[in-house]
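Structure at a glance
What follows is each chain in one-letter form.
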Amino acid sequence: MKILHTADWHLGKKLHKHDLSKDHQMFLDWLINLIQEKSIDLLLISGDIFDLANPPIEARTMYYWFLRQMIQLKCKIIVTGGNHDSALMLDAPKEILQLLDIKVVGGATNPIVNEIVALENLVVCAVPYLRDADLRQAIEGESGTSRIENVRLGIKKHYDELAEICQKKYLNVPIIAMGHLYANGSISSESEREIQIGNLASVDGNDFSKTFNYVALGHIHRPQIIGGNERIRYSGSPIPLSFSEKNDQKIVIILEVSENKIQQISEVQVPKFRELKLISGTIENVKSKLIAFQNEAPLKSFLEVEVIEDNFNPLIIKELNDLIGVFDDENAIVLKHKISFKNEVKSSEELFVEGQNLEDISEKEMLQKRLERENALSEIHKEMMMEAFTELLLMVEQDDEN
Ligand SMILES: [Mn+2]
């Protein structure tokens, strides 16, 4: 039996207002081929299928189109919800999808045993992203040292309960757990939204019971192994979702199961459908680099332009804006541009470099910048405000999703 682990597709995602639907379509076409070629029997998608709780129609169409291809290939699917997904939206068609060998677990289930999928010779604990309310239920009557510790304990307890059920009920079969969470020591990029109290309540690799022969994680967009443990992995997103991922090699993971054991875990590289590139230097450097730019990927490149000059000169700002304004190339699109002057005296009034878009600044960065201007506040007060703000943000986001 062959299992493919992927996560964080973020269908419907836009990068600086530019639609990534072509990137997604190319990935899905490639994935369908791979599943056919390698005769994959089971596909695990560990959360963040969609980028938004209420995704655009095109993204939903793409999702259902893909599910249909899997039915034709006789590949079973297990889909779990991520922090970007609406649990209710994902769950809405689950009854009918179940009939088609597609298991959907949008949000934590009650009873928890509904998260367990028993297949021939394999058991999957399909754990979705656990929201605050799910965790509060889990640890009711118990108290850790802090709210952060409680979140960690709640997650651990959820997995421990599933492990216990599996130990009793399923003997001598490999057991896989899915999850959408922030694991301790993982290296994130700029496109994940912070979860579980600003990532403070991280789960440790050792928190996962030894009962799980493999833990298929989602949430972090860079593929990685957790705590040096080969059996706990993030597949990462299959396409870059921010400029910070421009140099990442994207992958999917294939597990081979035979004789009731996971025999092999291997990575398959996802081809680069689109180049994301930083073009940096003086205005003259940037001009010549833009003219000389060659695109080798099938889709137009996305460029980030950064001009760095020594001395402040408003004419250079104008020159850059004009350059970007008329830049029209069949190879590339400039998605963002900015300029900075090395010798410029930084005052609190010029908090942002010229040309930085508001959408590139996270809510927390904005508050951070604002707090930097508050000389009367102590560092501790600033930290407390930031923590309270982080909690509020999380509440607003979770409200949006439900
Ligand atoms: Mn994600």
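In this text the structure is predicted, and so the values were computed from the model without any measurement. Residue numbering note: each chain is counted from 1, following its sequence as written. Reporting of local features is limited, given that this is a predicted model, to residues whose pLDDT is at least 70; pairs of side-chain atoms are given and counted only at 80 or more, and all residues count toward the totals for whole chains, interfaces and linings. Computation of side-chain values: all heavy atoms of the structure, hydrogens and water removed.

With that settled, consider helix α1 (residues 21–37). With 17 residues, α1 extends 24 Å between its outermost C-alpha atoms, agreeing within 8% with the 24 Å of an ideal straight helix rising 1.5 Å per residue. With a 1.4 Å probe rolled over the protein chains alone, any residue whose accessible area is under 20% of its type maximum counts as buried; one over 50% counts as exposed, and the rest are partly exposed. For helices the rule is a DSSP run of H or I covering at least 4 residues; for strands it is a run of E covering at least 2, with both sets numbered from the N terminus onward. If you check which residues of α1 are buried, you get D23, H24, F27, L28, W30, L31, I32, L34 and I35. Once α1 finishes, S39 follows within two positions and takes phi at roughly 50°, a positive value. Expected span of a helix, by definition, is 1.5 Å for each gap between consecutive residues, and there is one gap fewer than residues.

Spatially, β7-β8-β9-β10-β12-β11 is the arrangement adopted by the 6 strands of the open sheet, whose pairing is mixed. Here the strands that pair on one side only, and so sit at the sheet edges, are β7 (116–119) and β11 (224–226). Averaged over all neighbouring strand pairs, the angle between strand axes comes to 25°, with direction disregarded. For two strands to be treated as a pair, DSSP must find no fewer than two bridges joining them. Pairing analysis gives 3 bridges linking β11 to strand β12 (residues 229–234), with the strands arranged antiparallel. Across the sheet, Q224 pairs through a bridge with Y234, a residue of β12. On the sheet, helix α6 (residues 147–169) packs against β7, β8 (122–125) and β9 (175–180) and is oriented at approximately 165° with respect to β9. Angles shown run from 0 to 180 degrees and are taken between the N-to-C directions of axes, each axis being a line fitted to C-alpha atoms and, for helices, limited to the stretch in contact. Here, residues are in contact when the closest pair of their heavy atoms is within 4.5 Å.

So, on to the environment of E190. The topology assignment puts E190 in the loop between β9 and β10 (214–218). Along the primary structure E190 and S362 are separated by 172 residues, whereas in three dimensions their C-alpha atoms are 9.9 Å apart.

Below, the discussion takes up the sheet that holds strand β15 (residues 276–281). Sheet strands pair by backbone hydrogen bonding; their relative direction is either parallel or antiparallel. Pairing within the open sheet is parallel, and its 3 strands lie in the order β15-β16-β17. A single partner strand is all that each edge strand has here, and the edge strands are β15 and β17 (332–341). Strand-to-strand twist of the sheet, defined as the mean angle between neighbouring strand axes without regard to direction, takes the value 15°. Bridging between strand β16 (residues 301–309) and β17 involves 9 bridges; their strand directions are parallel. Counted as the bridge partner of E304 is K336 from β17. Here helix α7 (residues 283–292) sits on the sheet and contacts β15 and β16; the angle it forms with β15, its principal contact strand, is near 145°. Its contacts with the sheet put helix α8 (residues 314–326) on β16 and β17, and the angle it makes with β17 is roughly 175°.

This part is about the coordination of the manganese ion. Counted as donors are the N, O and S atoms within 2.8 Å of the metal, or 3.2 Å for Na, K and Ca, while water is not among the atoms, so some sites may look incomplete. Around the manganese ion, the protein contributes the donor atoms D8 (OD), H10 (NE2), D48 (OD) and H221 (NE2), at 2.0 to 2.4 Å from the metal centre. In primary sequence terms, the donor set of the manganese ion follows D-x1-H-x37-D-x172-H. Separated by 40 residues along the polypeptide, D8 in the loop between β1 (2–6) and β2 (14–15) and D48 in the loop between β4 (42–46) and α2 (57–72) bring together distant segments of the chain. On the accessibility criterion, D8 (0% relative accessible area) is buried. By relative accessible area, D48 is classed as buried at 1%.

This part is about the domain arrangement of the protein chain. The accessible area lost on association of the parts is a frequent measure of interface size. Those domain boundaries reflect an automatic or database domain assignment. According to the domain assignment, the protein chain contains domain 1 (2–269) and domain 2 (276–397). Placing the centre of domain 1 and that of domain 2 at their C-alpha centroids yields a distance of 32 Å.

The salt bridge definition used is simple: a Lys or Arg side-chain nitrogen within 4 Å of an Asp or Glu carboxyl oxygen. Taken as a whole and judged by the stated rule, the model has 15 salt bridges. Measuring nitrogen to oxygen at the nearest pair gives 3.7 Å for the salt bridge that ties K272 to E275. On the basis of relative accessibility, which here comes to 44%, the residue K272 falls in the partly exposed class. The salt bridge involving E304 is made with K336; its shortest N-O contact spans 3.5 Å. Here K336 lies in strand β17 and E304 lies in strand β16, a separation of 32 residues in the sequence. Each member of the pair, E304 as well as K336, is classed as buried.

The buried count for β4 comes to 5 of 5 residues, which makes it a mostly enclosed element. The side-chain alternation of β4 yields two buried faces, one formed by L42, L44 and S46 and the other by L43 and I45. Direction of pairing for β1 relative to β4: parallel, over a ladder of 4 bridges. Of the residues in β4, the one forming a bridge with L4 is L43.

Turning to the state of the cysteines, a few remarks are in order. Cysteine sulfur atoms are paired as a disulfide whenever they fall within 2.5 Å. As enumerated under the stated definition, the model contains 0 disulfides in all. No disulfide involves C75; its sulfur sits 19 Å from the nearest other cysteine sulfur, which is in C125. Under the relative-accessibility criterion, C75 is labelled buried at 4%.

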